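Close look at the chain arrangement
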Amino acid sequence: MLTARRAGAIDSGTGVAGMRGALRLDEPMARHTSWRAGGRAQRYFVPADAEDLQCFLRGTPSEEPLLWVGLGSNLLVRDGGLRGMVISTARLNACHFIAERAIVAQAGTSCARIARLAAQLGLTGAEFLAGIPGTLGGALCMNAGAFGGETWELVGSVETIDRQGGRRRRERPDFEVGYREVRGPADEWYLAAELVLATDPEGGGIDRIKALLGRRAELQPMGQPSCGSVFQNPPGDHAARLIDVSGLKGFSIGNAAVSEKHANFIVNRGGATAADIEALIEHVRCTVAERHGLWLKPEVRIVGEAPGH
Ligand SMILES: Cc1cc2nc3c(=O)[nH]c(=O)nc-3n(C[C@H](O)[C@H](O)[C@H](O)COP(=O)(O)OP(=O)(O)OC[C@H]3O[C@@H](n4cnc5c(N)ncnc54)[C@H](O)[C@@H]3O)c2cc1C
């Protein structure tokens, strides 16, 4: 288990000269994931801005594992923690209008903020982002979508950064985009994106956002820590339906439970470990496979070490 030092201690010895962001040791990832569970990160860096991040990456050993984190709303960190470095995009959150129909946002900008800004500018197409409780970087990585919209439908271009701090503008054809999956150039991460929207002569974007949020509140267990939908929908069906008809609503392991309200959500009823959640994910997969002959594919990203490793 990766727990050698005091949680959240400021790293004085292994930082990079000139660094302006905050570097922490043994940072509890339960603070940075929407499941509010899981182990610690060995090193956790919050760059002050993109230039600070470039400088930091240039001074980071090339063999050190890197994991990028936005709002942790699609992430399960195992209880044994994460080796290497977590880069948080929390402070990379500039977002502005650049041209007639385009918005540029940094990776750490919340999806909700982009949706609101677009609506206020009289643009349409980004309303679905309003209810996705993550960042633009996470949405680009996952091709997050809802109510018929998908993140990459909006992308004009992206800016990426590599391990050496090199920044590049990349165009849409540099990426293979699918349902909750995106493949792009190896060892590059998102710094920002240009989103191209449509004009909305009738207005009403804010009302559409309110309606979508209302719909979510009806369908989803909003008050309990979760990661949203745990499994991808199989072609032509819904994971939630398969889980529901397998009799799994309310089934629990430890303090992790299949939501009574939405069967594709696993909620933390208070004090669930990452091991509880992962065991429940496996139980759901096995039960659905036995009853329906298909293996659900997790949409959530499971990272880190099991305890004892
Ligand atoms: C209540 C609830 C409802 C949800 N509803 C939806 C929904 O309707 N539709 C949907 O698609 N998802 C939904 N989700 C899941 C989640 O919000 C999305 O997947 C979101 O896009 C994740 O963003 P994040 O910033 O939290 O990413 P994280 O969880 O922090 O990271 C997710 C992945 O993205 C990678 N990543 C993060 N930032 C970067 C970056 N800058 N560059 C490269 N990789 C990066 C991480 O390494 C990780 O692999 C929901 C979650 C919750 C809790």
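Quick look at the structure, then. In this text, all values refer to a predicted model and were calculated from it rather than measured experimentally.

Looking at helix H2 (residues 111-120)
Here H2 has its buried residues at Cys111, Ile114, Ala115, Ala118 and Ala119. Looking down the long axis of H2, one finds its buried residues gathered within 130° of arc, a one-sided arrangement. Considering only its buried residues, H2 is in contact with strand S7 (95-99), strand S8 (102-106), strand S9 (123-124), helix H3 (136-142), strand S16 (188-196) and helix H4 (205-219). Of the residues one or two after H2, glycine 122 is the one with positive phi, at around 75°.

Structural notes on the environment of valine 230
Within the fold, valine 230 resides in the loop between H4 and helix H5 (239-245). By relative accessible area, valine 230 is classed as buried at 0%. When the C-alpha positions of valine 230 and proline 298 are compared, they lie 5.7 Å apart, and in sequence the two are 68 residues distant.

Regarding the site of the ligand
The ligand sits among 33 residues. The nearest are Trp68, Gly70, Ser73, Thr135 and Gly145. Between the ligand and the protein, one listed contact pairs an oxygen atom with a side-chain N or O atom of serine 73 at 2.7 Å. One nitrogen or oxygen atom from the main chain of alanine 139 is found 3.4 Å from an oxygen atom belonging to the ligand. When isolated, the ligand has an accessible area of 980 Å², and the protein chains bury 93% of it. The set of elements that each furnish at least two residues to the shell around the ligand consists of strand S4 (66-69), H3, strand S10 (145-146) and S16. Element by element, the count of residues in the shell around the ligand is highest for H3, at five residues. Taken together, the residues that form the shell around the ligand break down as 16 nonpolar, 14 polar and three charged.

Focus: unusual backbone geometry
The residue phenylalanine 147 is not glycine, and still its phi comes out positive at about 45°. On the secondary structure map, phenylalanine 147 appears in the loop between S10 and strand S11 (149-150). Look at phenylalanine 147 and you get partly exposed, because its relative accessible area is 43%. Despite not being glycine, aspartate 187 shows a phi value in the positive range, around 55°.

Side note on the environment of tyrosine 190
When you line up the elements, tyrosine 190 lands in strand S16. Among all residues touching tyrosine 190, those that are not within four sequence positions of it are Trp68, Ala107, Gly137, Leu140, Cys141, Trp152, Val158, Glu159, Thr160, Phe175 and Val182.

Notes on the packing of aromatic side chains
Under the counting rule described, the total for this entry stands at five aromatic pairs. Here a set of aromatic residues connected by ring pairs shows up, and it is made of Trp152, Phe175 and Tyr190.

Let's talk about the side chain of glutamate 64
Position of glutamate 64 among the secondary structure elements: in the loop between helix H1 (50-58) and S4. Dropping the residues within four chain positions of it, glutamate 64 is found in contact with Arg43, Gly84, Met85 and Arg163.

Considerations on the sheet that holds S16
Reading across from one edge, S7-S8-S16-S12-S13 is the order of the five strands in this open sheet, with antiparallel pairing throughout. The open sheet has two edge strands with one neighbour each: S7 and strand S13 (167-171). Pairwise comparison of adjacent strand axes, ignoring direction, gives a mean angle of 25° for this sheet. In the sheet, S8 pairs with S16 via five bridges, with the strands oriented antiparallel. For alanine 102, the partnering residue across the bridge sits in S16 and is valine 196. Against the sheet, H2 touches S7, S8 and S16, its axis set at about 40° to S7.

About the criteria used
- Residues numbered from 1 in each chain as written.
- Predicted model: local features only at pLDDT ≥ 70, side-chain atom pairs only at ≥ 80, totals over all residues.
- Heavy atoms only, no water.
- Buried < 20%, exposed > 50% of the residue type's maximum accessible area, 1.4 Å probe, protein only.
- Helix = DSSP H or I, 4+ residues; strand = E, 2+ residues; numbered from the N terminus.
- Arc of directions from axis to C-beta.
- Contact = heavy atoms within 4.5 Å.
- Near = heavy atom within 4 Å.
- Polar contact = N/O pair within 3.5 Å; in protein donor to acceptor, adjacent residues only side chain to side chain.
- Areas by Shrake-Rupley, 256 points an atom, 1.4 Å probe, with all protein chains shown as cover.
- Nonpolar A, V, L, I, M, F, W, Y, C, P; charged D, E, K, R; others polar.
- Phe/Tyr/Trp six-rings, centres within 6.5 Å; stacked < 30°, edge-to-face > 60°.
- Pairing = 2+ DSSP bridges.
- Axes fitted to C-alpha atoms, helices over the stretch in contact; angles between N-to-C directions.

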